[in-house]
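Architecture at a glance
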Amino acid sequence: MSDDSAPEAVAEESMQQAGGLGEIIPEPLMPAWNRVEKVQAFRRAHGQKYVGALELLTAFGLTAGYVWWLLIFLELL
């Protein structure tokens, strides 16, 4: 390359021009691929909040299950 561009700039431009799997996905599968891309964009934007909410819901579910089991166990005594 006779261009005076910095290697970082060339790499950045190349990365932006490079497509993802969207370039090789057949046309009939594009609606499904678009949904996958939307999910990935959501995860990039809200990943930590989303994981935190799921952990909180899991903790509530496990606690409720344990309390339910404990009540059943204590009734049988």
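An account of the accompanying structure is given in this report. (Residues numbered from 1 in each chain as written. Predicted model: local features only at pLDDT ≥ 70, side-chain atom pairs only at ≥ 80, totals over all residues. Heavy atoms only, no water.)

**As for the packing of aromatic side chains**
Spelled out, the test is: When two rings of Phe, Tyr or Trp (its six-membered ring) have centres within 6.5 Å they constitute a pair, described as stacked for plane angles under 30 degrees, edge-to-face for angles over 60, and tilted for the intermediate range. Helix and strand definitions follow DSSP, with helices as H or I runs of at least four residues and strands as E runs of at least two, each counted in order from the N terminus. Relative accessibility under 20% of the residue-type maximum defines a buried residue, over 50% an exposed one, and the middle range a partly exposed one, all with a 1.4 Å probe and only protein chains included.
For the coordinates displayed, the defined rule picks out three aromatic pairs. Look at tryptophan 69 and phenylalanine 73: their rings are 5.4 Å apart centre to centre, the planes differ by 10 degrees, and that puts the pair in the stacked class. With tryptophan 69 and phenylalanine 73 both in helix α2 (residues 30–76), this residue pair falls four residues apart, about one helical turn. Overall, the relative accessible area of 49% leaves tryptophan 69 in the partly exposed class. Phenylalanine 73 sits in the partly exposed class, given a relative accessible area of 40%. Ring-pair connections join several aromatic residues into one group, and the members of that group are Tyr66, Trp69 and Phe73.

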